[in-house]
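Descriptive structure summary
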Amino acid sequence: MQKLDGEHKPSACEGTDWFRRIAVWSAKLSDAQCLRVRAGLQIRTYERGATVCEQNEAFDYWIGVVEGLVKVGTVTPEGKEITFAGAHAGGWFGEGTLLKRERRRYTVTALRKTKLALLDKKTFFWLYENSVDFNHFLIAQINERLGQFIGLIENERKLDTTTRVARALSSLLNPVLYPDVGSRLAITQEELGLLAGVSRPVANQALGELERCGLLRVTYGEIAICDAGRLRAYGE
DNA sequence: ACATTAAATTCGA
DNA sequence: TCGAATTTAATGT
């Protein structure tokens, strides 16, 4: 429990380090703006399997993933679960719901123990009104997401499981949505299965296939990406 | 669903 | 505090 390394823990109210690390969009904010944003932020921890917010719930925060992994999706009236996206460290989402001033359209659940940063609505809109850079960030992000959703539609059509797994991985590698992502993903095959909408064994097979193609390498609890470009294009 | 292996945790000195 | 023993988690088939 006390095996703290050389990393400095976030000092209670000094330094914008920890905050800037979890939120790239803060890079261009002034110190004064940063202070204000931090005042509107809270950190919350969720256990594996915990629901962050339900569909139709009023949940007035913009959500950032500090660490861990969450799944954004819905469940059809027939009870079938559909995953729209996964989000891991560095990702921010929920702006669509805030901007349209409506209730959550999706259910968000933690796939493992996860720490989230929640920015309250008031501060979010203050940024929206006052920072051009913040707006640029939002537009870039929404644009990236649009691309992902278009891919999702294709995905539902073709049932090629390996392709679905490749897409799920690629979406997590998106450098715009997840700025601090490297070439290794700390994700288990079960979690990946949940994101791709396939069973764990199928995810395992798909990973084997992708590894055989030289696109990635699988190790315990982690996937090393060798060729992100070809992975994204897999199945085309 | 089952067997195997990796990692995390517990426990005794 | 160390490492062996046990339990839990992830993988491969």
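Residues numbered from 1 in each chain as written. Chains lettered and ligands numbered in written order. Predicted model: local features only at pLDDT ≥ 70, side-chain atom pairs only at ≥ 80, totals over all residues. Heavy atoms only, no water.

**Examining the protein's contact with DNA strand B**
Near DNA strand B, the surroundings consist of Arg 200, Pro 201 and Tyr 220. Among all atoms of DNA strand B positioned within 4 Å of the protein, those belonging to sugar or phosphate total 78%. (Near = heavy atom within 4 Å.)

**Regarding the pattern of salt bridges**
Within this structure, the stated rule accounts for 10 salt bridges. The partner of Arg 112 in a salt bridge is Glu 191, and the shortest N-O contact between them spans 2.9 Å. You can see Arg 112 sitting in the loop between β7 (107-110) and β8 (114-120) and its partner Glu 191 sitting in helix α7 (residues 189-196), a full 79 residues away along the chain. A residue is classified by how much of its surface remains accessible, and Glu 191, at 7% relative accessible area, is buried. Ionic pairing is found between Glu 236 and Arg 167, a salt bridge with its closest N-O pair at 3.7 Å. Highlighted residues: Glu 236 in the segment after α9 (228-232) and Arg 167 in helix α6 (residues 161-173), separated in sequence by 69 residues. Judged by relative accessible area, which is 14%, Arg 167 ranks as buried. (Salt bridge = Lys/Arg side-chain N within 4 Å of Asp/Glu carboxyl O. Helix = DSSP H or I, 4+ residues; strand = E, 2+ residues; numbered from the N terminus. Buried < 20%, exposed > 50% of the residue type's maximum accessible area, 1.4 Å probe, protein only.)

**Some words on the protein's contact with DNA strand C**
Taken together, the neighbourhood of DNA strand C is formed by Arg 48, Thr 188, Gln 189, Arg 200, Pro 201, Asn 204, Gln 205, Val 218, Tyr 220 and Gly 221. In the model, a base oxygen of DNA strand C is placed 2.6 Å from a nitrogen or oxygen of the Arg 200 side chain. Note that a phosphate oxygen of DNA strand C is positioned 3.2 Å from one of the backbone N or O atoms of Gly 221. The leading source of residues in the surface near DNA strand C is helix α8 (residues 200-212), at 4 residues. Classifying every residue of the surface near DNA strand C by side-chain character gives 3 nonpolar, 5 polar and 2 charged. (Polar contact = N/O pair within 3.5 Å; in protein donor to acceptor, adjacent residues only side chain to side chain. Nonpolar A, V, L, I, M, F, W, Y, C, P; charged D, E, K, R; others polar.)

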